[in-house]
Amino acid sequence: MDDLYRDHILDHYKDPRNYGPMDDPDVSAEGQNPLCGDQLSIDLKVHDGTIADIRFHGRGCAISQAATSMLTEMVMGRPVDEVAALGREDIVEEVGIPLSPVRLKCALLGLGTLKVALHRHLGTPLPEGWAGMDEVDWR
Amino acid sequence: MSPFDVHAVRADFPIFARQVNGYPLAYLDSASTAQKPRAVIDSMVQLYETSYANVHRGVYTLGQESTALYEAARETVRAFLGASSTREIIFTRDATEALNLVAYSYGRANLGPGDVIVSTELEHHSNLVPWQVLARETGATLRFIHIDDHGSLMLEELDEIAAAGNVKLLAVVDQSNSLGTRVPVRTLADWVHGQGGVLVVDGAQSAPHRPIDVGALGADFFAFSGHKLCGPSGAGGLYGRRELLEAMPPFLTGGEMIRSVRLERTSWNELPWKFEAGTPAIAEVIGMGAAIEYLTRIGLDAIHEHEAGITRYCLERLDEVPGVRVLGPEDPAERGGVVSFTLEGVHPHDVAEILDSVAVCVRAGHHCTQPVMERLGVPATTRASFYLYTLPEEIDRLVEGLHRVRRTFRL
């Protein structure tokens, strides 16, 4: 348990980076964890094939909020196709804490939502293993 | 009857010998599912070791013994709910299946365009979604009694619903699983009967915790789950008023529920077997019967009184934790053994995770009541729920655990 709530997790949870809504995004996506009702929005600006700006907002546990905050720092300024190819292991490594299967879902909510936005932008289908992430329905 | 002794009760539950993370188990999630006493486990083991065979089929000794035990459980349930006949007791998988049975069988035969189904904002999804589906399929309209800021039903809305007319069915929870709110079901029974409609009661959270009398309650249908009253998962039941059940078409069809089958038509078995297609959950039903006998031996009144004391103590102790906001009725008398709360600055999942590190088991989430969460303006809550085996010391450990959560989050 003490492994889970390390300083960097609490830091990102209490002071999330790139947090809040974005004016006039190029593409957006919403994600939710139906198990716990957590909700997340990610907005992006894309210039010349790279992520020029990314912001997120929503509500969730320390793990989902911190992981998404770290994700935004991780992908800022990087090429869209490179980010679209990120795997689960990339974010798990970045989060850097042991995750039970339940908490893994929390940690992956941000990446899944970002993938929905990127593939929406690219006009490509969601890769296998992420299917269904775009089937959310909330205001 | 001997006075209620919670330590003697706990000795009946093998799981309390278990430690988690080096701490004795503080199981505060009984609203989700209850732990099992030795008597229930033994009843199932004994069945499998000595008498198991299919029911209502075999002429041989084992088949007769299994059938007798299975039908004895039906009589136990009948007495437990105060029903007048075992024909009114249908075994289902759980309350969810019981409510679906009513929606599919009674609902499709009796509702049509223009009819009104009334439910409430307090419902578990299992007593909400079946009525949404029924309304969509039959053209009936779904209307709701809303809740106030404390999670109590605003009964004044009934007048407006009555004025619009055509009320055919009211589906309501007896006690809220997420807030613990006790609902004035008798009042609602009189109201819906005055409208010419029937009352469907979701008793999943009430039947385990206090005496039930379906007649006194005014329920036309009453659904419950065995696993919440110390029985195994996979068995539950539906009480239905006999003349309603007689007139209803079957829900599931197949073996057991038939009288005679020809290739192109079939006549139905009599009640209650008309509604029990296929091989039932034999051992689970018998285990559920053993659970009800166990609870009855201890006494539902004593259990209720014990839980009320624990609930009052929990509300008192939570009051001293900074940042805790308790949801639900302010008057403990209007609340069952459920306390749902939020802790400022910490998501319920994180609360539950840290509590688990000291073996305090609580539920975090929306508790299958998303409309309630939305109405009260919270995404999720942490919920502690109690039963006959809950100790005051476990409430102390919950409170200590919450202080630990605050320290972890540097609050």
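Because the structure is predicted, anything quoted here is derived from the model rather than measured.

Considerations on the nonpolar core
Residue and element names in this part refer to chain B.
So, point 1. In this structure, Leu-81, Phe-222, Leu-229, Leu-295, Tyr-387, Leu-388 and Tyr-389 are the most contacted members of the largest nonpolar core, which totals 74 residues.
So, point 2. Counting residues domain by domain, this core receives three or more from each of domain 1 (6-30 + 300-408) and domain 2 (42-296).
So, point 3. The residues touching Leu-295, leaving out its near neighbours within four places in the chain, are Pro-208, Leu-229, Cys-230, Leu-300, Ile-303, Tyr-387 and Leu-388.
So, point 4. If you look at the next biggest cluster of nonpolar residues, it comprises 70 residues, including Cys-314, Leu-315, Val-339 and Leu-343.

Things to note about unusual backbone geometry
Residues other than glycine predominantly adopt negative phi, and peptide bonds predominantly adopt the trans conformation.
Residue and element names in this part refer to chain B.
So, point 1. A cis amide bond links Leu-271 to the next residue, Pro-272, at an omega of 0 degrees.
So, point 2. With respect to the helices and strands, Pro-272 occurs in the loop between β12 (266-268) and α10 (282-298).
So, point 3. Here the phi dihedral of His-367 falls at roughly 60 degrees; this positive angle occurs in a residue that is not glycine.
So, point 4. As for its placement among the helices and strands, His-367 is situated in the loop between β16 (363-365) and α13 (370-376).
So, point 5. Residue Cys-368 is not a glycine yet carries a positive backbone phi of 60 degrees.
So, point 6. Here Cys-368 shows up in the loop between β16 and α13.

Quick notes on the side chain of His-12 of chain A
Residue and element names in this part refer to chain A.
So, point 1. Positionally, His-12 belongs in helix α1 (residues 7-14).
So, point 2. Here the side chain of His-12 touches Ser-69 through a polar contact of 2.7 Å, side chain to side chain.
So, point 3. Among residues more than four places away in sequence, those in contact with His-12 are Arg-17, Ala-66, Ser-69, Met-70 and Glu-73.

Notes on the interface of chain A and chain B
So, point 1. Each side of the interface is counted separately: chain A has 20 residues, and chain B has 18 residues.
So, point 2. Buried surface at the junction of chain A and chain B, both sides included, amounts to about 1,600 Å², of which 52% is carbon and sulfur.
So, point 3. For the interface between chain A and chain B, the tally reads three salt bridges.
So, point 4. Residue Arg-103 of chain A pairs with Glu-353 of chain B through a salt bridge whose shortest N-O separation is 2.4 Å.
So, point 5. For the side of chain A that touches chain B, the secondary structure elements donating two or more residues are α1, α2 (62-75) and α5 (101-122) of chain A.
So, point 6. With four residues, the single largest contributor to the side of chain A that touches chain B is α1 of chain A.
So, point 7. In terms of residue class, the side of chain A that touches chain B is built from twelve nonpolar, two polar and six charged.

What about the environment of Phe-80 of chain B?
Residues and elements named next belong to chain B.
So, point 1. On the secondary structure map, Phe-80 appears in helix α3 (residues 61-81).
So, point 2. The exposure class assigned to Phe-80 is buried, which follows from its relative accessible area of 10%.
So, point 3. Separated by 131 residues in sequence, Phe-80 and Pro-211 have C-alpha atoms that sit 7.7 Å apart.
So, point 4. Setting aside chain neighbours within four positions, we find Phe-80 in contact with Ala-207, Ile-212, Leu-229, Ile-292, Thr-296 and Leu-300.

A short note on the domain arrangement of chain B
A common measure of how large an interface is: the accessible area buried when the components associate.
Residues and elements named next belong to chain B.
So, point 1. Each assigned domain of chain B is listed here: domain 1 (6-30 + 300-408) and domain 2 (42-296).
So, point 2. For domain 1 and domain 2, the distance between their C-alpha centres works out to 28 Å.
So, point 3. Between domain 1 and domain 2, the contact holds 33 residues from the first and 30 residues from the second.
So, point 4. When domain 1 packs against domain 2, close to 2,700 Å² is buried across both sides, 56% of that on carbon and sulfur atoms.
So, point 5. Contact with domain 2 buries area across many residues of domain 1, yet Leu-300, Arg-375 and Tyr-387 alone supply 24% of it, more than any other trio.

A word on the sheet that holds strand β1 (residues 27-33) of chain A
Residues and elements named next belong to chain A.
So, point 1. Read across the open sheet, the three strands follow the order β1-β2-β3; overall the sheet is antiparallel. Of all the strands in the sheet, just β1 and β3 (50-59) have a single pairing partner and so form its edges. For this sheet the average axis-to-axis angle between neighbouring strands, irrespective of direction, equals 20 degrees.
So, point 2. With seven bridges connecting them, β1 and strand β2 (residues 38-47) associate as antiparallel partners. Bridging across to β2, Ser-28 finds its partner in Asp-43.
So, point 3. Lying on the sheet, α2 is in contact with β2 and β3; it crosses β3 at an angle near 170 degrees.
So, point 4. Running at roughly 150 degrees to β1, α5 makes contact with β1, β2 and β3 of the sheet.

Quick word on the sheet that holds strand β7 (residues 167-173) of chain B
Working definition: the strands of a sheet are paired by backbone hydrogen bonds and lie parallel or antiparallel to each other.
Residue and element names in this part refer to chain B.
So, point 1. Sheet architecture is open: seven strands sit in the order β4-β10-β9-β8-β7-β5-β6, paired in mixed fashion. The open sheet has two edge strands, β4 (89-92) and β6 (141-145), and neither has a second partner. Each strand of the sheet is rotated relative to its neighbour by a mean of 20 degrees, with strand direction disregarded.
So, point 2. The pairing of β4 with strand β10 (residues 236-240) spans four bridges and is classified as antiparallel. Residue pairing for β10: Ile-89 is matched across the bridge by Tyr-239.
So, point 3. Along the sheet, α3 makes contact with β4, β9 (221-225) and β10, crossing β4 at roughly 115 degrees.

Re the packing of α10 of chain B against helix α11 (residues 300-318) of chain B
Packed helices, taken two at a time, are described by the angle their axes make and the gap between the axes.
Residue and element names in this part refer to chain B.
So, point 1. At a closest axis distance of 5 Å, the pairing of α10 and α11 adopts a crossing angle of 75 degrees. With respect to α11, the axis of α10 lies roughly perpendicular. When α10 is examined against α11, the residues Leu-295, Thr-296 and Ile-298 are found in contact with a partner set consisting of Leu-300, Ala-302 and Ile-303.
So, point 2. Residue composition of the contact of α10 with α11, by class: five nonpolar, one polar and no charged.

Examining the side chain of Asn-269 of chain B
Residues and elements named next belong to chain B.
So, point 1. If you trace the backbone, Asn-269 turns up in the loop between β12 and α10.
So, point 2. Here Asn-269 falls in the buried class, since its relative accessible area comes to 18%.
So, point 3. Polar side-chain contacts of Asn-269 include one of 2.9 Å to the backbone oxygen of Glu-256.
So, point 4. Not counting the four nearest positions on each side in its chain, Asn-269 is found in contact with Glu-256, Met-257, Ile-258, Arg-259 and Lys-274.

Concerning the packing of aromatic side chains
So, point 1. Per the counting criterion, the structure on display carries twelve aromatic pairs over all chains.
So, point 2. Aromatic pair Tyr-70 of chain B and Phe-91 of chain B: ring centres 5.2 Å apart, planes at 65 degrees, arrangement edge-to-face. In this pair, Tyr-70 of chain B sits in helix α3 while Phe-91 of chain B sits in strand β4, placing the two residues 21 residues apart along the sequence. Each member of the pair, Tyr-70 of chain B as well as Phe-91 of chain B, is classed as buried.
So, point 3. When the ring of Tyr-104 of chain B is compared with that of Phe-251 of chain B, the centres are 5.7 Å apart and the planes differ by 40 degrees; the resulting orientation is tilted. On the criterion of sequence distance, the pair formed by Tyr-104 of chain B in helix α4 (residues 95-110) and Phe-251 of chain B in the loop between α9 (242-247) and β11 (258-261) is long-range, its members being 147 residues apart.
So, point 4. Put simply, the rings of Phe-13, Phe-16, Tyr-294, Tyr-387 and Tyr-389 of chain B touch in pairs and so form one group of aromatic residues.
So, point 5. Over the ring of Trp-130 of chain A we find Arg-88 of chain A, and its NZ or CZ is 4.3 Å from the ring centre.

Conventions we followed
The written sequence of each chain sets the order in which its residues are numbered from 1. Working convention: letters from A go to chains and numbers from 1 go to ligands, in the order in which they are written. Side-chain atom pairs in this predicted model are given and counted only at pLDDT of 80 or more, local residue features only at pLDDT of at least 70, and totals for whole chains, interfaces and linings cover all residues. Only hydrogens and water are set aside when side-chain values are computed; all heavy atoms of the structure are taken into account. As used here, the term nonpolar core means buried Ala, Val, Leu, Ile, Met, Phe, Trp, Tyr and Cys residues forming a set that is joined through side-chain atoms within 4.5 Å. Buried, partly exposed and exposed residues are distinguished by accessible area as a fraction of the type maximum, computed with a 1.4 Å probe on protein chains only: under 20%, between the cut-offs, and over 50%, respectively. Source of the domain bounds: an automatic or database domain assignment. Whether two residues are in contact is decided by their heavy atoms: any pair within 4.5 Å suffices. The helix and strand labels rest on DSSP assignments: H or I over at least four residues marks a helix, E over at least two residues marks a strand, and numbering proceeds from the N terminus. Polar contacts here mean pairs of N or O atoms no more than 3.5 Å apart (in protein, one a potential hydrogen donor and the other a potential acceptor; neighbouring residues in sequence count only if both atoms are side-chain atoms). Once two parts are joined, some of their accessible surface, as seen by a 1.4 Å probe, is lost; buried area is that loss totalled over both. Each reported salt bridge corresponds to a side-chain nitrogen of Lys or Arg within 4 Å of a carboxyl oxygen of Asp or Glu. Any residue that is not Ala, Val, Leu, Ile, Met, Phe, Trp, Tyr, Cys, Pro, Asp, Glu, Lys or Arg is counted as polar, Gly included; the first ten are nonpolar and the last four charged. By definition, two strands form a pair when at least two bridges between them are found by DSSP. For every element, the axis is a line fit to its C-alpha atoms; helices are fit only across the contacting stretch, and the angle between N-to-C directions ranges from 0 to 180 degrees. Reported orientations rely on four angle classes, namely roughly parallel under 35 degrees, roughly antiparallel over 145, roughly perpendicular from 65 to 115, and oblique for the rest. Aromatic contacts are taken between Phe, Tyr and Trp rings whose centres are within 6.5 Å, Trp giving its six-membered ring; a plane angle under 30 degrees counts as stacked, one over 60 as edge-to-face, and the others as tilted. Both a distance and an angle decide whether a charge sits over a ring: NZ of Lys or CZ of Arg must be within 6 Å of the ring centre and within 35 degrees of the ring normal.

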